[in-house]
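Next come the chains, spelled out residue by residue.
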Amino acid sequence: MRKNITWLILVVVAALLQTNWPDFLRVQDVVPNLTLILVVYFALVEGEVRAMLTGLIGGIYQDVATESVLGHHVLCHVILGFIIGRLSTRLIADHPAVRVGLVFLAGFAHGFLYTIILFIQEPGTGAILTIITQVIPGSFYSALITLPCFVGFRVVFHRHELNNWGAA
Amino acid sequence: MNLSRQISENRPVVLFAVLVTCSLISLATGTKPTFIHSGIERLVSITTYPFLKVTDYVEDKTDYVVSMIFDYNRALDNNVELRANLVGMQADLSQQREFKEENKRLRSMLNFEVDHPEYTLRAAQIIEKIEGGLITIDQGSRHGVVVPMCVVTKDGVVGLVVDAQDFTAKVATLHHRDCKIGAMVRRNRIRAYDGLVHYDNTFRFLCSMSYIDMKDEVTIGDVVVTSPESLFPAGWPIGQIINADEVSTLLKSAYVRPYVDPYRLDEVYILEKAQPSVADIAGAFTPEVINDTSTHAPIVPDMRPLQEQFAP
């Protein structure tokens, strides 16, 4: 129960940070995707169900906060949470480079999916330009902060496994 | 039973399918379910508010600290630029004040000129002040200035032109030892024996009227004006008596503080011509012309004797 409450708070805080990212941490209007990092983390550590639920809560929060159609962020997060959760059993996810690479790919896939859905909804928007100027740099930024974030999440949720995990 | 077991076994897939389907339906309809949306929005806004306040505060402080570090040189340049601007603006301000004062003086001079049409006045600017009571003005013989024209202000006598160059002229003020001006006390028209007010040789006061008869009454505060014998128009104020001394048993001296301090002047008038008005020449009384010859006095009978009445 306590773990679930902590998880819910963390997801909401991540979504809050995501939607109100401080200006001084923006690099050329590019921000990392914290909710996605959380989704990837739970997909790797606890499997796809927790990852999808994380994506659901965080996605709803982001959809509401950004006033987009309900389900836009949710769909992207849920799909990625499910896929990465499935893949986690077949990946050597303990290696930091794998985690970073996974977050980068997930970020790119999320951005791509999000932009494509947006493009379908509003064909006037420049999808390719958005992918080049926002999605790829955003994915890179997310990948950069992956390791500290993972360590932080590990401290909060899986402290007892920290030594084993850190050794990897 | 079989279905629930299958769902339980494939929980992730079912959850995924449900979530994706719901999301797709929501995206396809493109509508924002009002009751969910408003509820969630309310929740979001409530939870967001303190967070936003905190992030705003942190952001402000971080910006401040970051700007302290990274914008230091720019702030320094801005500071230098602002200081330069401030100096320039102070100079402008003082110039503006100077213009304002000059405007005030010139307006006052203009009004004086308009109020005294009997005088032909030429305005001159003081360009140099020489120690010993001499001043140099920017009008010379080319402008019609000759020796010994009178130099005045609306407050009183300044002095006399003692040297006229082409474009400049020198004026000996009452602070100069050669400046002697015919003067009298306005209250009782008392003059000194020499009839002059001049630079005081005793160095005790600026100007003095020497050789005043002991019997003549001169009191402190009396106004000294130009006398009719002087080069100036009569009655032009010179100064005020501030002291009177007995020089001998028969004579006394009065010390005068001139109204005009030449060292604080910027502009003066050169008195080119003083034309007395017709009224002044004729006197203050102007006879009233009586056209009505009729009289309402009673007729007085002629009481003269007959011889006187009819005598040839």
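Rules behind the numbers
Residues numbered from 1 in each chain as written. Chains lettered and ligands numbered in written order. Predicted model: local features only at pLDDT ≥ 70, side-chain atom pairs only at ≥ 80, totals over all residues. Helix = DSSP H or I, 4+ residues; strand = E, 2+ residues; numbered from the N terminus. Buried ≥ 20, exposed ≤ 12 C-beta atoms within 10 Å, placed from the backbone. Contact = placed C-beta atoms within 7 Å. Core = buried A, V, L, I, M, F, W, Y, C linked by C-beta atoms within 7 Å. Pairing = 2+ DSSP bridges. Nonpolar A, V, L, I, M, F, W, Y, C, P; charged D, E, K, R; others polar. Axes fitted to C-alpha atoms, helices over the stretch in contact; angles between N-to-C directions. Parallel < 35°, antiparallel > 145°, perpendicular 65-115°, else oblique. Left-handed = near helix turned anticlockwise from the far one by under 90°. pLDDT = per-residue confidence, 0-100.

## Some details on the overall build of chain A
Summing up its helical and strand segments, chain A has eight helices and zero strands in all. Expressed as a percentage of the 168 residues in chain A, the buried residues total 42%. Sequence-distant contacts, at least 24 apart, represent 67% of the contacts inside chain A between residues at least 6 apart.

## With respect to the overall build of chain B
Within chain B one finds six helices and twelve strands. Counting all 312 residues of chain B, 23% fall into the buried class. Counting only contacts in chain B whose residues sit at least 6 apart along the sequence, the fraction spanning at least 24 positions is 55%.

## Focus on the environment of R154 of chain A
Mapped onto the fold, R154 of chain A is located in helix α7 (residues 146-157). Given 16 C-beta atoms within 10 Å, R154 of chain A falls into the partly exposed group.

## With respect to the nonpolar core
Counting 44 residues, the largest nonpolar core has V151, V171, A183, V197, V224 and V256 of chain B as its most contacted members. A per-element tally of this core places strand β4 (residues 156-164) of chain B first, with five residues. Contact partners of V171 of chain B, with chain neighbours within four places excluded, come to I135, I137, V151, V158, G159, L160, V161 and V162 of chain B. Counting 42 residues, the second largest nonpolar core, distinct from the first, contains V11, F42, I57 and V74 of chain A.

## Here's the deal with the pairing of strand β12 (residues 267-274) of chain B
Residue and element names in this part refer to chain B. Sheet topology places strand β1 (residues 119-130) next to β12; seven bridges connect them, and they run antiparallel. Opposite A123, over in β12, you have Y269 as the bridge partner. Direction of pairing for strand β3 (residues 150-153) relative to β12: antiparallel, over a ladder of three bridges. From the neighbouring strand, V151 faces β12, where its bridge partner is I270.

## Considering the pairing of strand β8 (residues 207-213) of chain B
Residue and element names in this part refer to chain B. A large share of β8 lies buried, amounting to five of its seven residues. Looking at chain direction, strand β7 (residues 196-199) and β8 are connected through two bridges and run antiparallel. Bridge pairing in β8 places H198 opposite S208. As paired elements, β8 and strand β11 (residues 251-258) share five bridges and run antiparallel to each other. Residue pairing across strands places D213 opposite L251, the latter belonging to β11.

## What to know about the interface of chain A and chain B
Of the residues lining the interface, 26 residues belong to chain A; the matching set on chain B comes to 29 residues. When contributions to the side of chain A that touches chain B are tallied by element, the ones reaching two or more residues are α1 (2-19), α3 (48-65), α4 (72-88) and α5 (96-121) of chain A. Considering every element that reaches the side of chain A that touches chain B, the biggest residue donor is α3 of chain A, with eight residues. A breakdown of the residues in the side of chain A that touches chain B according to their chemical character gives 19 nonpolar, five polar and two charged.

## Topic: unusual backbone geometry
Residues and elements named next belong to chain B. Backbone torsion omega between V147 and P148 reads 0°, so that peptide bond is classified as cis. With respect to the helices, strands and loops of the structure, P148 is situated in the loop between β2 (134-137) and β3. Phi is positive for R189, close to 60°, though the residue is something other than glycine. Relative to the helices and strands, R189 resides in the loop between β6 (180-185) and β7. We note that Y211 has phi near 60°; this positive angle belongs to a residue other than glycine. Position of Y211 among the secondary structure elements: in strand β8. C-beta crowding within 10 Å serves as the criterion here: with 17 such atoms nearby, Y211 is assigned to the partly exposed category.

## Brief notes about the packing of helix α2 (residues 34-45) of chain A against α4 of chain A
All names here are of chain A. It is at 8 Å that the axes of α2 and α4 come closest, and there the two elements cross at 30°. Between α2 and α4, the angle falls in the class roughly parallel. As for the relative orientation of α2 and α4, their crossing is right-handed in sense. Residues T35, L36, V39, V40, A43 and L44 of α2 lie in contact with α4, whose contacting residues are H77, L80, G81, I84, G85 and S88.

## Remarks on the confidence of the model for chain A
Per-residue confidence for chain A gives a mean pLDDT of 82, with 91% of residues at or over 70. Taken element by element, chain A is modelled with least confidence in helix α8 (residues 162-167) of chain A, mean pLDDT 49, and with most confidence in α2 of chain A, mean pLDDT 89.

## Re the sheet that holds β1 of chain B
Taken in spatial order, the six strands close into a barrel running β1-β2-β5-β4-β3-β12 (chain B), and their pairing is antiparallel. On average, each strand axis in the sheet is inclined to that of its neighbour by 45°, with strand direction left out of account.

## With respect to the packing of α5 of chain A against helix α6 (residues 127-144) of chain A
All names here are of chain A. As a packed pair, α5 and α6 sit with axes 8 Å apart at the nearest point and diverge in direction by 155°. Regarding the angle of α5 to α6, the classification is roughly antiparallel. Crossing angle aside, the handedness with which α5 passes α6 is right-handed. Of α6, the residues touching α5 (which contributes V100, V103, F104, G107, F108, G111, F112, T115, I116 and F119) are A127, T130, I131, Q134, V135, I136, G138, S139, F140, S142 and A143. Each residue belonging to the contact of α5 with α6 can be placed in one class, and the counts come to 13 nonpolar, eight polar and no charged.

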